[in-house]
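Report on the structure
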Amino acid sequence: MNLIVLERKSDNAQSASDLLKKYAQNKNCNECFSVSFLEDMNCRGDEYRVEIKEKEIFVYANTAVGFNAAVGYLIRHQETEIKNQTVTFESDFRAVYFANHFYNYYHSAPAEELCEYLESLALWGQSALCLWFDMHHFEAISTPDAEQMLQKMICLFKKAKSLGMKTVLTHL
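Sequence order sets the numbering: in each chain, residues are counted from 1 along the sequence as written. Reporting in this predicted model follows two pLDDT cut-offs: at least 70 for local features of residues, and 80 or more for side-chain atom pairs to be given and counted; totals over whole chains, interfaces and linings ignore these cut-offs and use all residues. Excluding hydrogens and water, the side-chain values take into account all heavy atoms of the structure.

Examining the state of the cysteines
In this description, the term disulfide denotes a pair of cysteine sulfurs within 2.5 Å. Evaluated as defined, the whole model comprises 0 disulfides. With no disulfide of its own, C130 lies 16 Å from the sulfur of C115, the closest cysteine sulfur. Here the term buried applies to any residue with accessible area under 20% of the maximum for its type, exposed to any over 50%, and partly exposed to those in between, with areas from a 1.4 Å probe on protein chains only. With relative accessibility at 14%, the residue C130 sits in the buried group.

Some thoughts on helix α5 (residues 144-162)
Across its 19 residues, α5 extends 27 Å between first and last C-alpha, which sits within 8% of the 27 Å expected from 1.5 Å per residue. For α5, the full list of buried residues reads A146, M149, K152, M153, L156, F157 and A160. An end-on view of α5 places all buried positions within 135° of arc, on one side of the element. α5 presents P144, Q148, K158 and K161 as exposed residues on the side facing more than 90 degrees away from its buried surface. Buried residues in α5 make contact with β6 (95-98), α3 (105-108), α4 (111-122), β7 (128-133) and β8 (166-171). The secondary structure listing takes helices from DSSP runs of H or I that are at least 4 residues long and strands from runs of E that are at least 2 residues long, numbered from the N terminus. One fewer than the residue count of a helix, multiplied by 1.5 Å, yields its expected span. Our arc is simply the arc of the directions from the helix axis toward the C-beta atoms. We call two residues in contact when some of their heavy atoms are within 4.5 Å.

Digging into the pairing of β8
Only when DSSP finds a minimum of two bridges between them are two strands counted as paired. By the bridge criterion, 6 bridges tie β7 to β8 in an arrangement that is parallel. Across the sheet, L129 pairs through a bridge with T167, a residue of β8. A crossover gets the label right-handed when its path from the first strand over the helix to the second runs clockwise, viewed with the strands pointing away from the viewer. Taking the sense of rotation as the criterion, the β-α-β connection linking β7, α5 and β8 turns out right-handed.

Describing the confidence of the model for the protein
In the predicted model, the protein carries a mean pLDDT of 91, and 96% of its residues have values of at least 70. By mean pLDDT, strand β1 (residues 2-8) is the weakest element of the protein at 71, and α4 is the strongest at 98. Confidence of the predictor in every single residue is expressed as pLDDT, which spans 0 to 100.

Notes on the environment of V71
Within the fold, V71 resides in helix α2 (residues 64-77). Along the primary structure V71 and V35 are separated by 36 residues, whereas in three dimensions their C-alpha atoms are 9.6 Å apart. V71 has contacts with A16, L19, L20, F37 and L123, leaving out every residue within four places of it along the chain.

Some points on the pattern of salt bridges
Salt bridge, as applied in this entry: a Lys or Arg side-chain nitrogen positioned within 4 Å of an Asp or Glu carboxyl oxygen. This structure, assessed with the given rule, holds 8 salt bridges. In this structure, R49 engages E51 in a salt bridge whose closest nitrogen and oxygen atoms are separated by 2.8 Å. For E51, a relative accessible area of 22% translates into the label partly exposed. Here E51 and K53 are joined by a salt bridge, their closest N and O atoms 3.7 Å apart. For K53, a relative accessible area of 45% puts it in the partly exposed group. Here the residues in one salt-bridge network are K22, E116, E119 and K159, joined through shared partners.

This is how it looks when you write it as structure tokens:
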């Protein structure tokens, strides 16, 4: 099944529309479905609703996180069966913590790679990104290594914000 964005009637759906275009596997148009993103103030928190009417899929949500999670559902099920459904999350705060210290993956990986991972998390409904700035690694905040880490963290926070996520900074 091919998923083609037909219309976006909510600013909250911008990142969802972009993610659908980026990750949907459109092979041929034997079975094309148009996707419309519509804001629904009746959706609580990050709740989303998917409705199928003939060859159209309507995605209703009230937040960017809800729209992104709905797109994740569409992408994961485009090869099987997309059904009418409403998804409500148990909590509005579903955070991921990137332990970006001690030279682990989050500390060492390129920002671009981590930004793609953030997109993947957004497609599962992740609503917040937490980062740790650990001064144990740096002699001062003005050192080149500290500046480089701060720039990486700023890049990750900007990406998270563009996906509708909240951001949390912790430090020592």
